[in-house]
Number of protein chains: 4
Amino acid sequence: MPLPAPLTGVVPPVCTPLTASGRVDVDSLASLTEHLIDAGVDALFVLGSTGEAACLSDGRRSTVIETVVAAARGRLPVLAGAIDMATTRVLDHARTAQALGADGIVATAPFCTRTHPAEIADHYRRIRAAVDLPLFACNAPASVPTELPVDTVLELAADGVLDGVEDSSGNTGALRRLLVRLPTLDRPFSVLTGCELSVDGALLAGAHGIVPGLGNLDPAAYVRLYERARAGDWRAAAKEQDRLAALFALTDVGDERLMGRGSSALGALKAALHLLGVIGCPDTAPPQIPLDGAARDAVRRLLEEAELL
Amino acid sequence: MPLPAPLTGVVPPVCTPLTASGRVDVDSLASLTEHLIDAGVDALFVLGSTGEAACLSDGRRSTVIETVVAAARGRLPVLAGAIDMATTRVLDHARTAQALGADGIVATAPFCTRTHPAEIADHYRRIRAAVDLPLFACNAPASVPTELPVDTVLELAADGVLDGVEDSSGNTGALRRLLVRLPTLDRPFSVLTGCELSVDGALLAGAHGIVPGLGNLDPAAYVRLYERARAGDWRAAAKEQDRLAALFALTDVGDERLMGRGSSALGALKAALHLLGVIGCPDTAPPQIPLDGAARDAVRRLLEEAELL
Amino acid sequence: MPLPAPLTGVVPPVCTPLTASGRVDVDSLASLTEHLIDAGVDALFVLGSTGEAACLSDGRRSTVIETVVAAARGRLPVLAGAIDMATTRVLDHARTAQALGADGIVATAPFCTRTHPAEIADHYRRIRAAVDLPLFACNAPASVPTELPVDTVLELAADGVLDGVEDSSGNTGALRRLLVRLPTLDRPFSVLTGCELSVDGALLAGAHGIVPGLGNLDPAAYVRLYERARAGDWRAAAKEQDRLAALFALTDVGDERLMGRGSSALGALKAALHLLGVIGCPDTAPPQIPLDGAARDAVRRLLEEAELL
Amino acid sequence: MPLPAPLTGVVPPVCTPLTASGRVDVDSLASLTEHLIDAGVDALFVLGSTGEAACLSDGRRSTVIETVVAAARGRLPVLAGAIDMATTRVLDHARTAQALGADGIVATAPFCTRTHPAEIADHYRRIRAAVDLPLFACNAPASVPTELPVDTVLELAADGVLDGVEDSSGNTGALRRLLVRLPTLDRPFSVLTGCELSVDGALLAGAHGIVPGLGNLDPAAYVRLYERARAGDWRAAAKEQDRLAALFALTDVGDERLMGRGSSALGALKAALHLLGVIGCPDTAPPQIPLDGAARDAVRRLLEEAELL
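- You'll find chain A entered in an unreviewed UniProt entry as Dihydrodipicolinate synthase family protein, with Streptomyces benahoarensis given as the organism.

1. Considerations on the overall build of chain A
Then, in step 1: In terms of regular secondary structure, chain A is built from 11 helices and eight strands.
Then, in step 2: Taken over the C-alpha trace, chain A has a radius of gyration of 18 Å; the compact-globule value for 309 residues is 19 Å, and the two agree within 12%.
Then, in step 3: For chain A, the spread of C-alpha atoms along the three principal axes comes to 50 × 45 × 40 Å.
Then, in step 4: The buried share of chain A, taken over its 309 residues, is 63%.
Then, in step 5: Of the contacts formed within chain A by residues at least 6 apart in sequence, a portion of 72% connects residues at least 24 apart.

2. Side note on the relation of the copies chain C and chain A
Between the two copies of the chain lies a relationship made up of a rotation around an axis and a movement along it.
Then, in step 1: Each copy superposes on the other: chain C lies on chain A with an RMSD of 0.0 Å after a rotation of 180° and an axial shift of 0.0 Å. The relationship between the two copies is best expressed as a two-fold rotation axis.
Then, in step 2: A shared binding surface is used by both copies, with 100% of the interface residues of chain C retained as interface residues in chain A.

3. Let's talk about the environment of P134 of chain A
All names here are of chain A.
Then, in step 1: On the secondary structure map, P134 appears in the loop between α4 (117–130) and β5 (135–139).
Then, in step 2: On the basis of relative accessible area, P134 is assigned to the partly exposed category, the value being 24%.
Then, in step 3: Sequence separation between P134 and G74 is 60 residues, and the spatial gap between their C-alpha atoms is 16 Å.
Then, in step 4: Once residues within four sequence positions are removed from consideration, P134 is found in contact with L3, D103, G104, I105, R128 and D163.

4. Considering the side chain of S263 of chain B
Then, in step 1: One can find S263 of chain B in helix α10 (residues 261–275).
Then, in step 2: The residues contacting S263 of chain B, other than those within four sequence positions of it, are Q288, I289 and L291 of chain B together with E119 of chain D.

5. Considerations on the confidence of the model for chain A
Then, in step 1: Counting all residues, the mean pLDDT for chain A is 96, and 99% of those residues have values of 70 or more.
Then, in step 2: For this predicted complex, the interface score ipTM comes out at 0.96, while the overall pTM is 0.96.

6. Considerations on the interface of chain C and chain A
Then, in step 1: Taken together, the contacts link 45 residues of chain C with 45 residues of chain A.
Then, in step 2: With both chains or domains summed, chain C and chain A bury close to 3,300 Å², and 57% of this area falls on carbon and sulfur atoms.
Then, in step 3: Summed over the three residues of chain C that lose the most area to chain A, namely R89, R114 and P287 of chain C, the buried surface amounts to 20% of that side.
Then, in step 4: Between chain C and chain A we count four salt bridges in total.
Then, in step 5: Across the pair R89 of chain C and D58 of chain A runs a salt bridge, and its minimum N-O distance is 2.8 Å.
Then, in step 6: For the interface between chain C and chain A, the tally reads 16 residue pairs in polar contact (both at pLDDT 80 or more).
Then, in step 7: Sorting the residues of the side of chain C that touches chain A by element identifies α2 (58–72), α3 (87–99), α4 (117–130) and α10 (261–275) of chain C as the ones contributing at least two each.
Then, in step 8: Of the residues in the side of chain C that touches chain A, the class split is 20 nonpolar, 12 polar and 13 charged.

7. Structural notes on the packing of aromatic side chains
Each aromatic ring pair is described using two quantities: the centre-to-centre distance and the angle formed by the ring planes.
Then, in step 1: Enumeration according to the criterion identifies two aromatic pairs over all chains in this entry.
Then, in step 2: Measuring from centroid to centroid gives 6.3 Å for F111 of chain A and F111 of chain C, while their planes differ by 75°, and the two rings are edge-to-face. Placement of F111 of chain A in the loop between β4 (104–108) and α4 and of F111 of chain C in the loop between β4 (104–108) and α4 is noted, with the two residues assigned to different chains. Like F111 of chain A, the residue F111 of chain C is buried in the burial classification.

8. Focus on the pairing of strand β4 (residues 104–108) of chain D
Within a regular strand, side chains alternate between the sheet's two faces.
Residues and elements named next belong to chain D.
Then, in step 1: Most of β4 sits out of view: five of its five residues are buried.
Then, in step 2: Judged by which residues are buried, β4 turns out to be covered on both faces: G104, V106 and T108 on one side and I105 and A107 on the other are all buried.
Then, in step 3: In the sheet, strand β3 (residues 78–82) pairs with β4 via four bridges, with the strands oriented parallel. What sits directly across from G81, in β4, is V106.
Then, in step 4: Between the parallel pair β3 and β4, the chain is carried across by helix α3 (residues 87–99), and the sense of this crossover is right-handed.
Then, in step 5: Pairing of β4 with strand β5 (residues 135–139), which is carried by four bridges, proceeds in the parallel orientation. The residue bridging T108 from the neighbouring strand is C138, located in β5.
Then, in step 6: Read from β4 through helix α4 (residues 117–130) to β5, the crossover connection turns out right-handed.

9. Considerations on the pattern of salt bridges
Then, in step 1: Inspection of every chain in the model, using the stated rule, returns 80 salt bridges over all chains.
Then, in step 2: Where R125 of chain C meets D159 of chain C, a salt bridge forms, and the shortest distance between an N and an O atom there is 2.7 Å. With a gap of 34 residues between them, R125 of chain C in helix α4 and D159 of chain C in the loop between α5 (150–158) and β6 (164–167) connect regions that are remote in the sequence.
Then, in step 3: R128 of chain D is paired through a salt bridge with D163 of chain D; the nearest N and O atoms lie 3.3 Å apart. Taken together, the residues span a long stretch of sequence, with R128 of chain D in helix α4 and D163 of chain D in the loop between α5 (150–158) and β6 (164–167) at a distance of 35 residues.
Then, in step 4: When salt bridges that share partners are traced, they join D58, D84 and R89 of chain A together with D58, D84 and R89 of chain C into one network.

10. Quick notes on the UniProt feature "binding site: pyruvate" (unreviewed entry) in chain A
All names here are of chain A.
Then, in step 1: According to UniProt, the feature "binding site: pyruvate" (unreviewed entry) maps to T50 and V211 in the numbering used here. Maximum C-alpha separation among the annotated residues is 10.1 Å over a sequence range of 162 residues, consistent with a single clustered spot.
Then, in step 2: Leaving out residues up to four positions away in the same chain, T50 has contacts with P13, V14, C15, G213, N216, L266 and L269.
Then, in step 3: Take V211: it is sitting in the loop between β8 (209–210) and α8 (219–230).
Then, in step 4: Leaving out residues up to four positions away in the same chain, V211 has contacts with V11, P13, F45, E166, L192, T193 and G194.

11. Looking at the state of the cysteines
Residues and elements named next belong to chain D.
Then, in step 1: Inspection of every chain in the model, using the stated rule, returns zero disulfides over all chains.
Then, in step 2: No disulfide involves C281; its sulfur sits 13 Å from the nearest other cysteine sulfur, which is in C15.
Then, in step 3: Of the residues examined, C281 reaches a relative accessible area of 12% and is grouped as buried.

12. Re the sheet that holds strand β8 (residues 209–210) of chain D
Within a sheet, each strand pairs with its neighbour through backbone hydrogen bonds, oriented either parallel or antiparallel.
All names here are of chain D.
Then, in step 1: Within the open sheet, the eight strands sit side by side as β1-β8-β7-β6-β5-β4-β3-β2. Their pairing is parallel. Edge strands, defined here as strands with exactly one partner in the open sheet, are β1 (9–10) and β2 (44–46).
Then, in step 2: In terms of strand pairing, strand β7 (residues 190–193) meets β8 through two bridges, oriented parallel. Of the residues in β8, the one forming a bridge with T193 is I210.

13. A few points about the pairing of β5 of chain A
Residue and element names in this part refer to chain A.
Then, in step 1: With five of five residues buried, β5 lies mostly within the body of the structure.
Then, in step 2: Pairing of β5 with strand β6 (residues 164–167), which is carried by four bridges, proceeds in the parallel orientation. Looking at the pairing, A137 lines up with V165 of β6.

14. Side note on the packing of helix α10 (residues 261–275) of chain D against helix α11 (residues 293–305) of chain D
Residues and elements named next belong to chain D.
Then, in step 1: For the pair α10 and α11, the least separation of the axes is 10 Å and the interaxial angle reads 65°. Considering how the two elements wind past one another, α10 and α11 form a crossing that is right-handed. Taking contact as the criterion, the partners of A268, A271, A272 and L275 in α10 are, on α11, R296, V299, R300 and L303.
Then, in step 2: Of the residues assigned to the contact of α10 with α11, the class counts are six nonpolar, no polar and two charged.

15. So, the sheet that holds strand β7 (residues 190–193) of chain B
Then, in step 1: Read from one edge of the open sheet, eight strands run β1-β8-β7-β6-β5-β4-β3-β2 (chain B), paired in parallel fashion. Edge strands, defined here as strands with exactly one partner in the open sheet, are β1 (9–10) and β2 (44–46) of chain B.

16. Digging into unusual backbone geometry
All names here are of chain B.
Then, in step 1: For the bond running from A5 to P6, omega is -5°, close enough to zero to count as cis.
Then, in step 2: Relative to the helices and strands, P6 is located in the segment before β1.
Then, in step 3: Here P286 and P287 are connected by a cis peptide whose omega angle stands at 10°.
Then, in step 4: Tracing the sequence through the fold places P287 in the loop between α10 and α11 (293–305).
Then, in step 5: Phi is positive for R73, close to 50°, though the residue is something other than glycine.
Then, in step 6: Along the chain, R73 falls in the loop between α2 (58–72) and β3 (78–82).

Basis of the calculations
- Going along each chain's sequence as written, the residues are numbered from 1 onward.
- Naming scheme: in the order in which they are written, chains are lettered from A and ligands are numbered from 1.
- Given that this is a predicted model, residues contribute local features only at a pLDDT of at least 70 and side-chain atom pairs are listed and counted only at 80 or more, while totals for whole chains, interfaces and linings are drawn from all residues.
- As a rule here, side-chain values come from all non-hydrogen atoms in the structure, and water together with hydrogens is ignored.
- Elements are defined by DSSP. Helices are runs of H or I of four residues or more, strands are runs of E of two residues or more, and each kind is numbered from the N terminus.
- Radius of gyration: over C-alpha atoms. The globule rule applied is 2.2 Å multiplied by the number of residues raised to the 0.38 power.
- The rule is simple: take the accessible area with a 1.4 Å probe, protein chains only, and divide by the maximum for that residue type; under 20% is buried, over 50% is exposed, in between is partly exposed.
- Should any heavy atoms of two residues lie within 4.5 Å, those residues are counted as being in contact.
- Residues reaching a pLDDT of at least 70 in both copies supply the C-alpha atoms on which the copies are superposed by least squares.
- Summary of the metric used: pLDDT quantifies the predictor's per-residue confidence within the range 0 to 100.
- Two parts placed together each lose some accessible area under a 1.4 Å probe, and adding up what both lose gives the buried area.
- One side-chain nitrogen of Lys or Arg within 4 Å of one carboxyl oxygen of Asp or Glu is enough to make a salt bridge.
- Polar contacts here mean pairs of N or O atoms no more than 3.5 Å apart (in protein, one a potential hydrogen donor and the other a potential acceptor; neighbouring residues in sequence count only if both atoms are side-chain atoms).
- Asp, Glu, Lys and Arg are counted as charged, while Ala, Val, Leu, Ile, Met, Phe, Trp, Tyr, Cys and Pro are counted as nonpolar; the rest, among them Gly, fall into the polar class.
- Centres within 6.5 Å make a pair out of two Phe, Tyr or Trp rings, where for Trp the six-membered ring is used; the pair is then stacked when the planes are under 30 degrees apart, edge-to-face when over 60, and tilted otherwise.
- A strand pair is defined by DSSP finding two or more bridges across the two strands.
- Here a crossover is taken to be right-handed if, once the strands point away from the viewer, the path from the first strand over the helix to the second is traced clockwise.
- UniProt positions are given in the numbering used here, feature names are shortened, and annotations may be inferred rather than shown by experiment.
- Disulfides are defined in this document as cysteine sulfur pairs within 2.5 Å.
- To get an axis, fit a line to the C-alpha atoms, keeping to the stretch in contact for a helix; angles then go from 0 to 180 degrees between the N-to-C directions.
- Should the near helix be turned anticlockwise from the far one by less than a right angle, the crossing is termed left-handed; should it be turned clockwise, right-handed.

Right, dumping it as structure tokens:
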């Protein structure tokens, strides 16, 4: 189905449930898809960093797209991440995603190389030329150290190369400077924030939508937050955001002497989805370190405090 | 005069006007002080990075405090930056600031050393023990690469060591996680944002005040932005912020092949204050590179577009 | 063929010649292989960052391994890079390399994730368990921002997980601290330096071999440097290194306003190989920016000064 | 006394012994000076990062210079660090050092600001114009995040602004590229390495001298290392370096959950000097965290293994 232009609303980066043996748990993934659609989200984004794309083989990435596209049954668009080191490899993922029915592509800038804005621009122009789907750039320096300059984004937006950007950089100054220049474009462009704890401020600044990892867990809360912001009830939006910021403490339950912050955050999200009965197994992909019992107990307590359990 | 607890509102980080020979231009500094007070700001913050503190000798730092304290005539509080590499040196600046009449201290965490949260905490505890003034930590990774962890800030707030924090980190997630935990404190604590292009969102999130470098130029706009936010008119606040985000383009007028972004931004602020007739000379301190004529023309055009000239 | 244990000597990271249409130029790659073997190198390392692995599709990566293994005809071992974001994907590359006849694997640590030493260790243990070939870790922070701690490397060496490490970190202190602890191991372990401008010092410190990108161009010089070091003629080794350090200026011929340092360095290496008649086309993979005529002229002059042309 | 041009040999960055109450322990500092001179070092460098300059007030910095100049009694030159955020402040330190009898200045590049090579060059030109002493730049990214580009160093060397550079960057490639271009200068220039675990390689590459923090503890070993290198006995030099690399393990004795790596390293150096009877008290300056008993025991064991105790 065609993407709205610009894309707006709540677009969760979908977790990838795995079985204990490490395969994609397609039943749980379908169940998670239903959980998100039930809550009223506007689109789904599979194979982002929350979806552990870095840890999934090409075959498993394909299974994820197929499963979510099938489970969505055309009720809302599905964007697929094309996350890889440079142009040719990103292109291969984008073409596969198109063939499997994705409705849009979210592509990383080149990394693993000392890059330059002219190279970033060339990269996206080549993807645009090869794949006939709406194209989003993602700016996520915690995962991919390449910075997307505002001027490059605007140039690519003006030329019809990019249809939007997903920004998790936390650089609110750069984001605002992008947003205030969008009216100079003569075509729609969508700015989605991945900073899930400052969604109210991003929407107030003019962002079109949100890509909240925590939205896997409580998508209805992000839908309420979005709707209250759209209705101009900013205080109520901020109150929803405050509640979600408190719940976000679950991403830190893993002992930092034993594991990275990625293992802790993704392990906690999946532990919570498992406790909520949405997915069948809380395992994350190797080499991530599993949460121990104390950490899982802490997740349970935070879910109870948030009245989700 | 005592600082309000918590400190709220618009607290511009005051530029330091210099003469052509590099001395503090005390008349221009008094004039800038008047320009800011006239606009209705709530407090002044001297000797921050916008005040070129890194480039000023101890003697000139003292002149800045004396001049602004005298010019303020008790009409509003004056905070002074105590910006140096580690505890003893920061303490010396803080004691001097107290002796010269400052109403509060904004102190950097230790830098130039591979530090640890326990050391940051010890640092602020020693300053608290030695100086009898409200104490703010500043978190400004563009200038000082030491990160202030949220847990450390909260521990120091709970113990009465810190009265507030000035945050320019752009880490909106960490800021929100701090803000939602403030109600657990049994004493006032002030969170001021230095991210001058997302003030509306920061205030919506619960920040108490703002430290906008661009506020030197158009303090009335930041006062309006703050007041509209406080009145709950978030759309009007966002509109003010948008206008200021467009004006912020002046910080990039300096050619990046010729100078650093600090030279460009501070040079543009001072060129604008000079064009507005607030200060007598647009020079920045060495080793910053002066703007050329084309850059100064660009500043003039942006001031005209913003209807400030 | 089995790898020597420990692997020693000159192990160039082989460039990947491409045709003008972007396919692997298998004739040129065979010719480059011959050029390197003729010079007396000890092993070949394909699909490293010098081989533009980040820019090559899986199919082209396979072509590279097949071509070089066939061209080498068992005269020396061929190591293959398994460069990808995390465990499963690295494993897929490693298995393919084994199936195609590679004699050893050089695998990156996980990246695109906020990782932890325990995760790095688990990652390599899983590769070790799945692939029956000598396994090298690579530590190349310019490409992959994950740091390999010395203690983790030693733990994995002691347990027989790793057979060696290729280090391009430039952290000579960490390297020396690793080297002085190798005698505590009861099995061979190979430390190869990728810092091609301090090979003499690395060999003096006890490194076993070298992985010089510049060795594509002048492999004989690196062989002489290695042999002189092994013979204890350190002054002569240093003199060879000095000559190569001067030649290395060619990596900077690309205008830094127009392209990244990767485009400049790889473009210059390939331009030089083309001028020397070793490869048929100097193109690099997209999104790298091609060198202009002035840059190619500068490469020619540096080759002439080095008496290679 | 005049500095040799170029300065060569062993130039330890002198620790600053403190009393339990935090003042400079002048007797211990004189004793440490004697300990170093006895071992045959070539010059002394006070107020570097090993000397805890970041933690010392201006008054204590002056006491350090006075004490060491007096204790040296003209037997060898004394260089003083002028470590501060930008030009004016560095200049004040440099002038004071000259007035107190220092024989040369080691000045940091500007930091706490987003700087540019043109600003770095201007900074050193202003210091050169104001202070009539040999001037060294220091490149120590662990303490000061400003990088000194090779081209800037060479330009300043050619113009007589800089007399040398102290490099602790670990960027051996950049260092070699600097060293091979020194013959194009028509005046002496001294390259000193602060990478104390790869001194043998740096000397082989052509460095003129060494600035080893560990040299406070075992200066005689660094003198032997230097002399063996100068005599062309590179194997013996490397063997000395290996022994020192093993001893360097003492810098990690402090528990990384409790303190930063600076606290661990400087605490261990001072604990060792105290155990050796060179200084009267092992305390470091706040906010550094003291070593606990287990860490001090580990220092003792390493001294015994190195046969220093």
